[in-house]
Each structure stands twice: as C-alpha cells, then as structure tokens.
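Fold and contact review
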Amino acid sequence: MARICERFDDLGADGAPARLGIMGGTFDPIHIGHLATAEQAREAYGLDAVVFVPAGNPVFKKHRRVTPAADRLALCRLAVASNPAFCVSALEIERGGDTYTVDTLRELRAHYSDNVELFFITGADAVAHIVKWRESAAIADLAHLIAVTRPGYALTAERKREIEDEGSFDVSYLEVTALAISSSDLRARLREGRSIRYLTMQSVRDYIMEHGLYEHMGAAIEPAEEVPAAETDDAADAAVRSPQAVAANDPIEAGKGARR
C-alpha cells in the first residue's frame, strides 16, 4: 500500500536528484485553476511530480460546512488521473486532527530521501504573511516555497525583502495565467443549478452530479470568496485567486488565510 501516493512513493529511491511539488488545499471542489497552477509550476521549476494533498480538517474552514473528505479525495483523484506527473495523497485525511502545513511537510520529508527536494506551492499573498504560519521557521527548513502570483498582483520589492529578513525562507515567485475561478464560485453555481462545465474536469463534474454534491449547501454558510486566513485555509485557492478576487478582499486579511 502506498504511504504517500501510488505514483511517486518511490521517487528518488534510485539516488538520483528529484523535485517534488506539494499543493495542499481543501479542494472543495478542485477546479482547472488548481490544475493549471500546478502544471505551470511543474514546468517552470522542473518538478518531477506534483502531489495534491486534500486537507482533512482544515482549521480555518470551520466557519462553513466542508464536503466529506472521502468525496474531496475522490474528486482530486479523478482530476489528476490524466496527468502522469500528478498524484493525490490522503496523508492529511488519514492523519486526522487539524490540518497544518508543517506537519505535512515533516511527514513528506521523513518519507523521501534527502536527494528529493520539496517545493511547496502557494499564493504570494499567503507567503506575504508566512511568519504567522504555525512553526514557520521549521517550514523554511523543510521546503522551498513557490509563491504564485497572477497578472495584476505581485508582492512589492520591499515586502519581499521583509520576508527575507523574517527568516531563512527560500521563496521563488511565479506568475501564472489568471483564471477567474474559485471553489466558492463553483459551489455557488451548483447551489443555484448553473453549469460548471469546463470549469473543472468532466470526470469531476460527473462525480459531483452523480452524488448530488453542493446542491443543498446554504448560502448563509458560504464565505464571500476563497480567502486564505493565516495558517490554514487553502494553499491551492490562495495560489489561483484572480486579480478580481484579490481586489475584492483586504490583501492583509487575505494573507492571513492560507492553510499554513
């Protein structure tokens, strides 16, 4: 049985240098923005693989109902099936308890040999507040950070220097294609009976429709956007939020939201 994920459990076992990307998030549901971001990061940094890690019990999602972990895990597996460089890990779901990035990175570091470099993919607005993440100093020692930006949003040179001064963080900045898509928008569309075709993989859409997911999720429990909080909301949606979404929310509060 795979400990991390079936496709890449043995990555680096031959002693050759390897690079593993990690994309964590609630993925409620996963959509093409998540996939496009992961693919562009893979290509830009020569990643041998990207593992998607659905959160089990995301601390900063307790303000709303979260779809059962088994369904979110199934959706992720369907979404990545056609990309041989992608896989999905259930380690956070199987671990139980609250979800923190540092715990996941420690588990990955313990599994893979030292010739495997870890690259954690998240949003630049989340990285801007990295010192607020749980055990941020340990994160700096465990993984390189890929801070994803969209056209129209980027950290200032001054803020980048502040991040460098706050710790030994190895941060690279990557501008990706802006897609005005969020998980909250997909949930709203489904709740209202609107189409999500082409906003996610067809297999994901089919599973959602077959299982009736999101149909009865009340608007009152929905946040206005997928805004990452300080230590644990959604690295994935932090990475793919569009400039429109950034403008609609206080960037300081937005930075407080990535599931760290």
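Now for a look at the structure at hand. All values derive from a computational prediction rather than experimental measurement.

1. Description of the overall build of the protein chain
A tally of regular secondary structure across the protein chain gives 12 helices and 8 strands. For the protein chain, with 260 residues in total, the buried portion stands at 55%. Partitioning the intrachain contacts of the protein chain with sequence separation of at least 6 by distance along the chain shows that 82% fall at a separation of at least 24.

2. Here's the deal with the state of the cysteines
Throughout the structure, instances matching the rule amount to 1 disulfide. Residue cysteine 5 pairs covalently with cysteine 87 via a disulfide, S to S 2.3 Å. Disulfide cysteine 5-cysteine 87: the torsion about the S-S bond is -60°, which places it as left-handed. One end of the pair, cysteine 5, is in the segment before strand E1 (18-25); the other, cysteine 87, is in strand E3 (residues 86-88), with 82 residues separating them in the sequence. We classify cysteine 5 as buried; its relative accessible area is 3%.

3. Thoughts on unusual backbone geometry
Trans peptide bonds make up the majority, and among non-glycine residues the majority have a negative phi. A cis geometry characterises the amide bond from aspartate 28 onward to proline 29, with omega recorded as 0°. Along the chain, proline 29 falls in the loop between E1 and helix H1 (32-45). A positive phi angle is found at glutamate 135, which is not glycine, with a value near 50°. Note that glutamate 135 resides in the loop between helix H5 (124-127) and helix H6 (136-142). Residue tyrosine 198 is not a glycine yet carries a positive backbone phi of 75°. Assignment of secondary structure puts tyrosine 198 in the loop between helix H8 (183-191) and helix H9 (202-211). Classification of tyrosine 198 as exposed rests on a relative accessible area of 67%.

4. Observations regarding the pairing of E1
Where a strand is regular, its side chains alternate between the two sheet faces. Buried residues dominate E1, accounting for 7 of its 8 residues. Here 5 bridges tie E1 to strand E4 (residues 116-123), and the two strands are oriented parallel to one another. The residue bridging glycine 21 from the neighbouring strand is phenylalanine 119, located in E4. Pairing geometry for E1 and strand E2 (residues 49-54), over 6 bridges, is parallel. Residue pairing for E2: isoleucine 22 is matched across the bridge by valine 51. Between E1 and its parallel partner E2, the chain crosses via H1, and the hand of that crossover is right-handed.

5. Some thoughts on the sheet that holds E4
Strand order in the open sheet made by the 6 strands is E3-E2-E1-E4-E5-E6, with parallel pairing throughout. Two strands close off the open sheet at either side, each with one partner strand: E3 and strand E6 (171-175). On average, adjacent strands in this sheet sit at an angle of 30° to one another, irrespective of strand direction. Two elements, E2 and E3, share 3 bridges in a ladder whose sense is parallel. Considered in E3, the bridge of valine 50 is made with phenylalanine 86. Packing against the sheet, H1 makes contact with E1, E2, E3, E4, strand E5 (144-149) and E6, and its axis sits at approximately 120° to E6. Seen against the sheet, helix H2 (residues 69-80) touches E2 and E3 and runs at an angle of roughly 165° to E3.

Reading guide: rules and limits
Residues numbered from 1 in each chain as written. Predicted model: local features only at pLDDT ≥ 70, side-chain atom pairs only at ≥ 80, totals over all residues. Heavy atoms only, no water. Helix = DSSP H or I, 4+ residues; strand = E, 2+ residues; numbered from the N terminus. Buried < 20%, exposed > 50% of the residue type's maximum accessible area, 1.4 Å probe, protein only. Contact = heavy atoms within 4.5 Å. Disulfide = S-S within 2.5 Å. Pairing = 2+ DSSP bridges. Right-handed = clockwise from strand over helix to strand, strands pointing away. Axes fitted to C-alpha atoms, helices over the stretch in contact; angles between N-to-C directions.

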